[in-house]
Amino acid sequence: PLILGSALGVVSTLLGIEYPYIIDKTILSVRELATPFALMILGGDFRFRSFVRNFAVVSLTGVLRLVIIPAAALAMFFIIGYSGLEMGVIISVFCTPVAVSSYVMAYEMDCDYELAGQIVVFTSVISVATIFLSIYFSRMFGII
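Here is what the cut-offs are and how they apply
- Residues numbered from 1 in each chain as written.
- Predicted model: local features only at pLDDT ≥ 70, side-chain atom pairs only at ≥ 80, totals over all residues.
- Heavy atoms only, no water.
- Helix = DSSP H or I, 4+ residues; strand = E, 2+ residues; numbered from the N terminus.
- Rg over C-alpha atoms; globule rule 2.2 N^0.38 Å.
- Contact = heavy atoms within 4.5 Å.
- Lys, Arg positive; Asp, Glu negative; His and termini not counted.
- Charge placed at Lys NZ, Arg CZ, Asp CG, Glu CD.
- Expected span 1.5 Å × (residues − 1).
- Bend = angle between axes of the 7 residues up to and from the residue.
- Axes fitted to C-alpha atoms, helices over the stretch in contact; angles between N-to-C directions.
- Parallel < 35°, antiparallel > 145°, perpendicular 65-115°, else oblique.
- Buried < 20%, exposed > 50% of the residue type's maximum accessible area, 1.4 Å probe, protein only.
- Arc of directions from axis to C-beta.
- Phe/Tyr/Trp six-rings, centres within 6.5 Å; stacked < 30°, edge-to-face > 60°.

J.: What's the story with the overall build of the protein in this structure? I'm lost.
T.: Scanning the protein from N- to C-terminus turns up seven helices and zero strands. Reading the secondary structure of the protein in the N-to-C direction produces α-α-α-α-α-α-α. For the protein, the C-alpha radius of gyration of 18 Å lies well beyond 15 Å, the compact-globule estimate for 144 residues. Projected onto its principal axes, the C-alpha positions of the protein cover 50 × 45 × 20 Å. The contacts of the protein with a sequence gap of at least 6 include a subset with a gap of at least 24, amounting to 72%. Averaging the coordinates of the 7 positive side-chain charges in the protein and doing the same for the 9 negative ones gives two points 10 Å apart.

J.: Can you walk me through helix α2 (residues 21-45) in this structure?
T.: Residues that lie three or four places apart on an α-helix share one face, since the helix turns once every 3.6 residues. In this model, α2 (25 residues) spans 35 Å end to end at C-alpha, consistent with the 36 Å of a helix rising 1.5 Å per residue. Largest kink in α2: about 40 degrees, centred on alanine 34, with the proline proline 36 one to four residues after it.

J.: In this structure, what is going on with the packing of helix α6 (residues 101-108) against helix α7 (residues 113-140)? I would like to understand it.
T.: For any two helices packed against each other, one specifies the crossing angle of their axes together with the interaxial distance. Axis separation between α6 and α7 bottoms out at 8 Å; the angle between their running directions is 175 degrees. Judged on the interaxial angle alone, α7 and α6 are roughly antiparallel. Two secondary-structure elements touch here, α6 through Ser102, Tyr103, Ala106 and Tyr107 and α7 through Tyr113, Ala116, Gly117 and Val120.

J.: Got a minute to help me understand the side chain of threonine 130 in this structure?
T.: If you trace the backbone, threonine 130 turns up in helix α7. For threonine 130, the contacting residues outside a window of four places in its chain are Leu66 and Cys95.

J.: Explain helix α5 (residues 85-94) to me, please; I cannot follow it from the model alone.
T.: Three or more residues of α5 are buried, namely Met87, Ile90 and Ile91. Projected onto a plane normal to the axis of α5, the buried residues spread over an arc of 100 degrees and lie on a single side. Against α4 (55-80) and α7 lie the buried residues of α5.

J.: Would you explain the packing of aromatic side chains in this entry?
T.: Centre-to-centre distance and the angle between the planes together describe a pair of aromatic rings. Enumeration according to the criterion identifies ten aromatic pairs in this entry. Note on phenylalanine 51 and phenylalanine 122: the rings are 6.1 Å apart at their centroids and 40 degrees apart in plane angle, and the pair reads as tilted. Taken together, the residues phenylalanine 51 in helix α3 (residues 48-53) and phenylalanine 122 in helix α7 connect sequence positions 71 residues apart. Phenylalanine 122 matches phenylalanine 51 in its accessibility class, with the two residues each being buried. In this structure an aromatic cluster arises from ring pairing among Phe48, Phe51, Phe55 and Phe122.

Shown next, in the form of C-alpha cells:
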C-alpha cells in the first residue's frame, strides 16, 4: 500500500489532477495523522521480552543511526565548510529516528517487522536526547 500510494501520488502530481476540496482536505487530514497513529500502534505492539532478545541489534542500530552517522556527517560537512543554518539543517536530517514507514515496509515484505518496530520505537525515544545534545554541542563549539 505504501508503494502504491506513493506511485499514485506521483502520477497524480505529474498529471496535474485537481481534487475537490472535500477529498483534498480528507487526504491532508489522513497525512497529518499517519505518523502519530503509526507510532501509537507500534507502542501498543511493543513486546518487552522480544526487545530484550533483540537488544544488541536494536542498540547497535540506534547508536549507528543516532550517534555515529550524524557525527560523521557533521564532521564531513564542517570540513567542507558548512556552518550556521546549513549545519542546523544537516542536524535535522541526520539526527532523526528511523522512519515509521520502515515497520510497514518490513511487514508488507514479510521481513522481521517486529525488529523494525523495536528499532523505530527505540530510536524515536532516544532521539529526543541525541537531537538535543547534537544541537547543544554544535552551538557550544560554534558550528551552528
